[in-house]
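One letter stands for each residue in the lines below.
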Amino acid sequence: MTLLQLIFFNMEAIVKLKPDVKSRSLQVLFTGSLTSTYATKIHQELDKIEFEKYETLIMSIQNSDIIDLSFLQILWAFTEHCKTLNIELSLNSEIAEEQLQLIEVTGLKPLIEL
């Protein structure tokens, strides 16, 4: 990674999985640079989820310095997969105005209205 990349993409994408066995729920926390640079990593982390253990998934986007279309597409596919498994979904987000505009322009606004 070059110095310029470090300045603009100072946070690596992080996906944290926080299970709650008692309530059969899983919190999926996304932070950092949610971009194509980290798309493979994000996808790999989501592949670790053992869906049969959970009835509810709570997705949170926090402290994200950048979001691009690749992350939104991954998130959309992930939510569609959860729906086919009858897993209840919710999304909590702290998204900047510019990021909200990207979501609206791409037609993915229903994604943040979960």
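Before reading on, note that the structure itself is shown above.
Small disclaimer: the values here were computed from a predicted structure and weren't measured. (Residues numbered from 1 in each chain as written. Predicted model: local features only at pLDDT ≥ 70, side-chain atom pairs only at ≥ 80, totals over all residues. Heavy atoms only, no water.)

Draft legend 1. Summary view of the overall build of the protein. A count of helical and extended segments in the protein gives five helices and six strands. Mapped from its N terminus to its C terminus, the protein presents α and β elements in the order α-β-β-β-α-β-β-α-β-α-α. Burial statistics for the protein: of 114 residues in total, 38% are counted as buried. A separation of at least 24 residues holds for 71% of the contacts in the protein among residues at least 6 apart in sequence. Taken as a whole, the protein presents about 6,800 Å² of accessible surface, with 53% of it coming from carbon and sulfur. (Helix = DSSP H or I, 4+ residues; strand = E, 2+ residues; numbered from the N terminus. Buried < 20%, exposed > 50% of the residue type's maximum accessible area, 1.4 Å probe, protein only. Contact = heavy atoms within 4.5 Å. Areas by Shrake-Rupley, 256 points an atom, 1.4 Å probe, with all protein chains shown as cover.)

Draft legend 2. Expanded view of the pattern of salt bridges. Summed over all chains, the structure comprises five salt bridges. With its nearest N and O atoms 2.8 Å apart, the salt bridge here joins Lys41 to Glu12. Here Lys41 is found in helix 2 (residues 39-47), whereas its partner Glu12 is found in the loop between helix 1 (3-8) and strand 1 (14-20), with 29 residues between them in sequence. Salt-bridge contacts for Glu50 lead to Lys53; the nearest nitrogen and oxygen are separated by 3.3 Å. Judged by relative accessible area, Glu50 falls into the partly exposed class, the value being 39%. Here Lys53 falls in the partly exposed class, since its relative accessible area comes to 43%. (Salt bridge = Lys/Arg side-chain N within 4 Å of Asp/Glu carboxyl O.)

Draft legend 3. Looking closely at the packing of helix 2 against helix 3 (residues 69-84). At a closest axis distance of 10 Å, the pairing of helix 2 and helix 3 adopts a crossing angle of 20°. Put simply, helix 2 runs roughly parallel to helix 3. Crossing hand, helix 2 versus helix 3: right-handed. Only Phe71, Ile74 and Phe78 of helix 3 make contact with helix 2, whose side of the interface consists of Ala39, Ile42 and Leu46. (Axes fitted to C-alpha atoms, helices over the stretch in contact; angles between N-to-C directions. Parallel < 35°, antiparallel > 145°, perpendicular 65-115°, else oblique. Left-handed = near helix turned anticlockwise from the far one by under 90°.)

Draft legend 4. A look at the packing of aromatic side chains. Tallying each qualifying case throughout the model produces two aromatic pairs. Ring centres of Phe30 and Phe71 lie 5.2 Å apart, and the angle between their planes is 75°; on these two criteria the pair is classed as edge-to-face. With a gap of 41 residues between them, Phe30 in strand 2 (residues 25-31) and Phe71 in helix 3 connect regions that are remote in the sequence. The residues Phe30 and Phe71 share a single accessibility class, namely buried. (Phe/Tyr/Trp six-rings, centres within 6.5 Å; stacked < 30°, edge-to-face > 60°.)

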